[in-house]
Amino acid sequence: MKNRIIKALATLLIAAGSGAAIYNNTGTDITLADGTTLESQDLTKSLTKHYQLRDVSAAINITIHHTAGPENASLESIAKFHVEKRGWPEIAYHIAINQDGAIHFLNEIEERTYHDSGQNTNSIGIVLVGNFETTEPSAAMLYSVKLVTESLCKVLNITSIRGHRDTSPTLCPGVNAYNQLETIFY
Ligand SMILES: [Zn+2]
């Protein structure tokens, strides 16, 4: 069923009552069991290319990224860059989190997006909007990361949560986010 996992995640996040805004940018409206509809605010996507679907019922892990850009950058600008400059089907990540704690669903968790080369078949990409080599993630952002990852662990069999730098030669998700994430997860 389309959006099955996102529906479960959104329901858990709303029940957690953090007050963080939840946005749907998947391209498909999502109606929850209580009748609440999260209307999609669509982002630029390819008219011809699509991410492949994958089976996420077995083990899967989470990779944390940052955008390495300004904290007020729009997800639309990032989607446009990925689609028009990189030639990818849609924005590369599954979920984005802003400094104010807002949570955005970007792609179905079942879609094999292109966020972590060599790991994409078995990884969910969460991106923190900002550059955390040079700035600090806010408490609101970190709390939303914790809620999102806890929700993913309830819905799926998550085997590990790591920074992009753990799998690839990159500074991502920035030293300040990476160090904070260690205190959340380990
Ligand atoms: Zn990354």
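Our subject is the structure listed above.
Residues numbered from 1 in each chain as written. Predicted model: local features only at pLDDT ≥ 70, side-chain atom pairs only at ≥ 80, totals over all residues.

Q: Please explain the overall build of the chain as it appears in this structure.
A: A tally of regular secondary structure across the chain gives four helices and 10 strands. Ordering the α and β elements of the chain from the N terminus gives α-β-β-β-β-β-α-β-β-β-β-α-β-α. The globule rule puts the C-alpha radius of gyration for 186 residues at 16 Å, and the 15 Å found for the chain is close to it. Principal-axis analysis of the C-alpha atoms places the extent of the chain at approximately 40 × 40 × 35 Å. The buried share of the chain, taken over its 186 residues, is 38%. In the chain, of all internal contacts separated by at least 6 residues, the share reaching a separation of at least 24 is 70%. (Helix = DSSP H or I, 4+ residues; strand = E, 2+ residues; numbered from the N terminus. Rg over C-alpha atoms; globule rule 2.2 N^0.38 Å. Buried ≥ 20, exposed ≤ 12 C-beta atoms within 10 Å, placed from the backbone. Contact = placed C-beta atoms within 7 Å.)

Q: What exactly am I supposed to notice about the environment of leucine 38 here?
A: In this fold, leucine 38 is placed in strand 3 (residues 37-38). By C-beta crowding, leucine 38 is classed as buried, having 21 other C-beta atoms within 10 Å. Taking the C-alpha atoms as reference points, leucine 38 and leucine 128, separated by 90 residues in sequence, lie 21 Å from one another. Excluding residues that lie within four positions of it along the chain, leucine 38 makes contacts with Ala10, Ile22, Asn24, Asp29 and Ile30.

Q: Help me out: how do you make sense of the sheet that holds strand 5 (residues 59-66) in this one?
A: Strand pairs in the sheet, formed through backbone hydrogen bonds, run parallel or antiparallel to each other. Taken in spatial order, the six strands line up as 1-7-6-9-5-10 in an open sheet, and their pairing is mixed. Two strands lie at the open edges of the sheet, namely strand 1 (22-24) and strand 10 (157-163), each paired on one side alone. Strand-to-strand twist in this sheet, taken as the mean axis angle between neighbours without regard to direction, amounts to 20°. Two strands pair when backbone bridges link them, and strand 6 (residues 95-97) and strand 9 (residues 123-128) are joined in this way by three bridges, in the parallel orientation. Counted as the bridge partner of isoleucine 95 is isoleucine 126 from strand 9. Contacting strand 5, strand 6, strand 7 (103-105), strand 9 and strand 10, helix 3 (residues 139-155) runs over the sheet at an angle of about 155° to strand 6. (Pairing = 2+ DSSP bridges. Axes fitted to C-alpha atoms, helices over the stretch in contact; angles between N-to-C directions.)

Q: Looking at this model, I keep getting lost on the packing of helix 1 (residues 4-16) against helix 3. Mind explaining?
A: When two helices pack together, their arrangement is given by the angle between the helix axes and by the axis-to-axis distance. Between helix 1 and helix 3, the least distance of the axes is 9 Å, while the angle of their chain directions is 130°. When the axis of helix 1 is compared with that of helix 3, the two are oblique. Crossing handedness for the pair helix 1 and helix 3: right-handed. Seen from helix 1, the contacting residues are Ile5, Ala8, Leu9, Leu12, Leu13 and Ala16; seen from helix 3, they are Leu147, Ser151, Leu152, Lys154 and Val155. (Parallel < 35°, antiparallel > 145°, perpendicular 65-115°, else oblique. Left-handed = near helix turned anticlockwise from the far one by under 90°.)

Q: I keep staring at the nonpolar core and nothing clicks. Help me out?
A: Ile95, Ile97 and Ile126 are the most contacted members of the largest nonpolar core, which has 38 residues in total. Taken together, the elements giving at least two residues each to this core come down to helix 1, strand 5, helix 2 (75-85), strand 6, strand 7, strand 9, helix 3 and helix 4 (175-185). With five residues, helix 3 is the largest single contributor of residues to this core. The contact partners of isoleucine 126, leaving out residues within four places of it in the chain, are Ile62, Ile64, His65, Tyr93, His94, Ile95, Ile97, Val145 and Val148. (Core = buried A, V, L, I, M, F, W, Y, C linked by C-beta atoms within 7 Å.)

Q: Even after reading the chapter, I still don't get helix 4, so can you show me in this structure?
A: Residues of helix 4 that are buried include every one of Ala177, Tyr178, Gln180 and Leu181, and no others. Relative to the axis of helix 4, the buried residues are bounded by an arc of 170° and lie together on one face. Residues Glu182 and Thr183 are exposed on helix 4 and point more than 90 degrees away from its buried face. Where helix 4 is buried, its residues touch strand 5, strand 9, helix 3 and strand 10. (Arc of directions from axis to C-beta.)

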